[in-house]
Amino acid sequence: MTNFWNLVQNENMKIYLRLRTWIMLGIIVLIPILLTVGLTLVTDDSDGNMWELMGTETIIVFSLITIFTVVISAESVAGEFSAGTIKLLLIRPWSRSSILASKYVALLLFSILQSIVCFAVTWAINALVLGYTSDPGGIIPESSPMEGHSIWAYMGVHYLYEWLQLVMVVSFAFMLSSAFRSSGLAIGLSIFLLFAGGTITGLLTLTDKAWVKYILFANLDLTSYLDGRSPLPNMDMTLGFSLIMLAVYFIIFNAVSWTVFRKRDVAA
Amino acid sequence: MSQAPVARLQEVTKRIGSRTIIDRLSLEVNPGEVFGFLGPNGSGKTTTIRMMVGLMAMTSGDIEIGGHSVRKEYPLAASQVGAIVENPEMYKYLTGYQNLVHFARMNPGVDRKRIDEVVELVGLEGRIHDKVKKYSLGMRQRLGVAQAVMHRPKLLILDEPTNGLDPAGIRELRDYLRQLAQAEGTSVFVSSHLLSEMELMCDRVAIIQTGKLIDIRSIRGAAASEHQQTEAREVLFEVDHTDAALGVLQGQGGVRIADGQLALTAAREEIAETNRRLVQAGIRVYGIRTKTKSLEDQFLEVTGGESVD
């Protein structure tokens, strides 16, 4: 049997040989540059803290990274069905689980690549324009469990939490993509999840029902913990609790994707 | 080469809801033969093919390819199959070559040299580095054949392969399939609703209708020709004076005049004998033609010309 990596290489080829992927990466590079340069020009002030601006830009760019990964993931399964290429893909000497796994791995690699590009660009442009400093400025609140750690460690954990949220949204998109074979539906609902999540969490804080903390939205944004807050201020929640909840949802999403994809009859 | 069948379908049944799409279908495809799978539209040809390549699950029964069950050992069974299911849909945003590299990575033992070889085989050398979206249907069909044969499968499965091909393309494909069956011992399983085409391409043809196997017939090969030697068939003689010829042959099996020609029923040796008698009687014979029962006649005979329901 040939190597599983061959399958991942194929999926990579289908991602990186398309123009749109490079447009996405271009946008990720461009946005922090425009923001930093634009803000500096507008405020005519170049003594801001590079880490503060980097943190703000990261939050903006990460929404984009999530959207881009959702688009690619929706296309990755549903697109093969709508183009009919799924037939030629599934008649190879591979189990369907391996084929789906290779797609999932390629998507995660794509999201990691984008995160690295985002980190590199936001760091470099802000260090260049505002000057490098190891002073975190006001970015780490006093209530943060990371208080006293270096700004590098704080940024690293911030990226990790943002990425975990991305993995959840992408797994959700992947599930819809393989369940409904419709990339539009997968993209739409996942972006809804990404943006409505915050609003819905806000609404949920108004109730004091205990079950609210088990809802996906309430656990999606782990960066609250990084700033020493709870995602639902009136609830007793810990990082460990949220990680467990996310793991449960992660397993459910992927179990659905896998089951549907493995059992599905490929017709027309 | 072993004579064990390359593909064996055993009591294959597919039910969707209460509808039985394929009903206890059993057949075997032998090594090196071109096996036709004939049936009207909607008779279950594509469904059967989809089950053979693992795109659809069987409700009951099993399919073995090279002795491996599609149900239980799918990767082993699939490694011996090359297929085009319906249209050869390739990745349009990749070049032809990138498409082949993609599928080559999924099959063990296909290197760059083999890819070049199949590109040449299907005659796409000039355009292989163009994006597939610029290809004509015929070129996509060729690329489809290339991806199906590049790992030297024991069984090549083609679903309606001549759809959208021009007559030259059909002829080329036909010659290529026969060559593949003879030279490399590849078995070919080809479905079609076009009878005349199957007649030219296949060694044996299975006829299905509404999901049931109706008949399997040999089109050529030893069995068929032996059959032809002894069986009396309708023969037409083209002669200068039909009336005089009728007189000479008076009393011979069913002799009559049809469409200005002399028609009679005769076996192979009798044809030569009849000709000798005509010539000896001074009648000029311009042509002798045996009316073979075409597959179309056979098909209509076994299906009773029923419509699809």
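What you see is a predicted model, and the numbers here were worked out from it, not measured in a lab.

### Brief notes about the overall build of chain A
- A tally of helices and strands in chain A yields ten helices and zero strands.
- Along the chain direction, N to C, the helices and strands of chain A fall in the order α-α-α-α-α-α-α-α-α-α.
- Against the 2.2 N^0.38 benchmark of 18 Å for 268 residues, chain A shows a C-alpha radius of gyration of 20 Å, consistent with a compact globule.
- Along the longest, intermediate and shortest principal axes, the C-alpha atoms of chain A span 60 × 45 × 30 Å.
- By residue count, 50% of the 268 residues in chain A fall in the buried class.
- Carbon and sulfur atoms form 70% of the exposed surface of chain A, whose accessible area is close to 11600 Å².
- Between the averaged position of the 14 positive side-chain charges in chain A and that of its 17 negative side-chain charges there is a distance of 27 Å.

### Re the packing of aromatic side chains
Residue and element names in this part refer to chain A.
- Counted according to the given criterion, the structure contains 19 aromatic pairs over all chains.
- Taken together, a centroid distance of 6.3 Å and an interplanar angle of 75 degrees make the contact between Y104 and W258 edge-to-face. One end of the pair, Y104, is in helix α5 (residues 96–130); the other, W258, is in helix α10 (residues 239–263), and 154 residues separate them in sequence.
- Residue classification places W258 among the partly exposed residues on the basis of a relative accessible area of 23%.
- Centroid distance F119 to W152: 6.2 Å. Interplanar angle 35 degrees. Geometry classified as tilted.

### Things to note about the UniProt feature "transmembrane region" (unreviewed entry) in chain A
Residues and elements named next belong to chain A.
- Here, the residues flagged by UniProt with the feature "transmembrane region" (unreviewed entry) are residues 21–39, 59–83, 104–131, 151–174, 186–206 and 239–261.
- Note that residues 59–83 is 100% helix and 0% strand, and that its end C-alpha atoms are spaced 35 Å apart.
- Across residues 151–174, helical content stands at 100% and strand content at 0%; the span's end C-alpha atoms are separated by 34 Å.

### What to know about the domain arrangement of chain B
- Here chain B is described as being made up of domain 1 (7–224) and domain 2 (226–290).
- For domain 1 of chain B versus domain 2 of chain B, the distance between C-alpha centres works out to 44 Å.

### What about helix α10 (residues 268–280) of chain B?
Residues and elements named next belong to chain B.
- Its 13 residues give α10 an end-to-end C-alpha distance of 19 Å, which sits within 8% of 18 Å, the value for a rise of 1.5 Å per residue.
- When α10 is considered as a whole, its buried residues turn out to be I271, T274 and L278. Summarising the axial view, the buried residues of α10 lie within an arc of 65 degrees, below the 170-degree limit, and thus occupy one face. Residues E269 and Q280 are exposed on α10 and point more than 90 degrees away from its buried face.
- Once α10 finishes, G282 follows within two positions and takes phi at roughly 80 degrees, a positive value.

### So, the packing of helix α3 (residues 50–83) of chain A against α5 of chain A
All names here are of chain A.
- For the pair α3 and α5, interaxial distance at closest approach is 9 Å and the crossing angle is 155 degrees. Overall, the two elements α3 and α5 adopt an arrangement that is roughly antiparallel. Of the two elements, α3 crosses α5, and the hand of that crossing is right-handed.
- Tallied by class, residues from the contact of α3 with α5 come to 19 nonpolar, nine polar and three charged.

About the cut-offs
Residue positions are given per chain, counting from 1 as you read along its sequence in written order. Chain letters start at A and ligand numbers start at 1, both assigned in the order the entries are written. In keeping with the predicted nature of the model, local features appear solely for residues at pLDDT of at least 70, side-chain atom pairs appear and are counted solely at 80 or more, and the whole-chain, interface and lining totals rest on all residues. For side-chain calculations, the full set of non-hydrogen atoms in the structure is used, while hydrogens and water are omitted. Per the convention used, a helix needs a DSSP run of H or I reaching at least four residues, while a strand needs a run of E reaching at least two, with both numbered from the N terminus. Radius of gyration: over C-alpha atoms. The globule rule applied is 2.2 Å multiplied by the number of residues raised to the 0.38 power. Relative accessibility thresholds used throughout: buried, under 20% of the residue-type maximum; exposed, over 50%; partly exposed, between the two (1.4 Å probe, protein chains only). Only the protein chains shown count as cover for residues, and all accessible areas are computed by the Shrake-Rupley method using a 1.4 Å probe. A positive count includes Lys and Arg, and a negative count includes Asp and Glu. His and the chain ends are not counted in either. Taken as the charge location is NZ of Lys, CZ of Arg, CG of Asp or CD of Glu. To pair, rings of Phe, Tyr and Trp, with the six-membered ring standing in for Trp, must have centres within 6.5 Å; the planes then decide the type, stacked if under 30 degrees apart, edge-to-face if over 60, and tilted in the middle. UniProt positions are given in the numbering used here, feature names are shortened, and annotations may be inferred rather than shown by experiment. How far each domain reaches was decided by an automatic or database domain assignment. What a helix is expected to span follows from its residue count: subtract one and scale by 1.5 Å. Directions drawn from the helix axis to the C-beta atoms are what define this arc. Under this scheme, a helix contributes an axis fitted over its contacting stretch, all axes are lines through C-alpha atoms, and angles between N-to-C directions fall in the 0 to 180 degree range. Any angle between 65 and 115 degrees counts as roughly perpendicular, while under 35 counts as roughly parallel, over 145 as roughly antiparallel, and the rest as oblique. The hand of a helix crossing depends on one turn: near helix anticlockwise from the far one by less than a right angle means left-handed, and clockwise means right-handed. Under the scheme applied, nonpolar residues are Ala, Val, Leu, Ile, Met, Phe, Trp, Tyr, Cys and Pro; charged residues are Asp, Glu, Lys and Arg; polar residues are all the others, including Gly.

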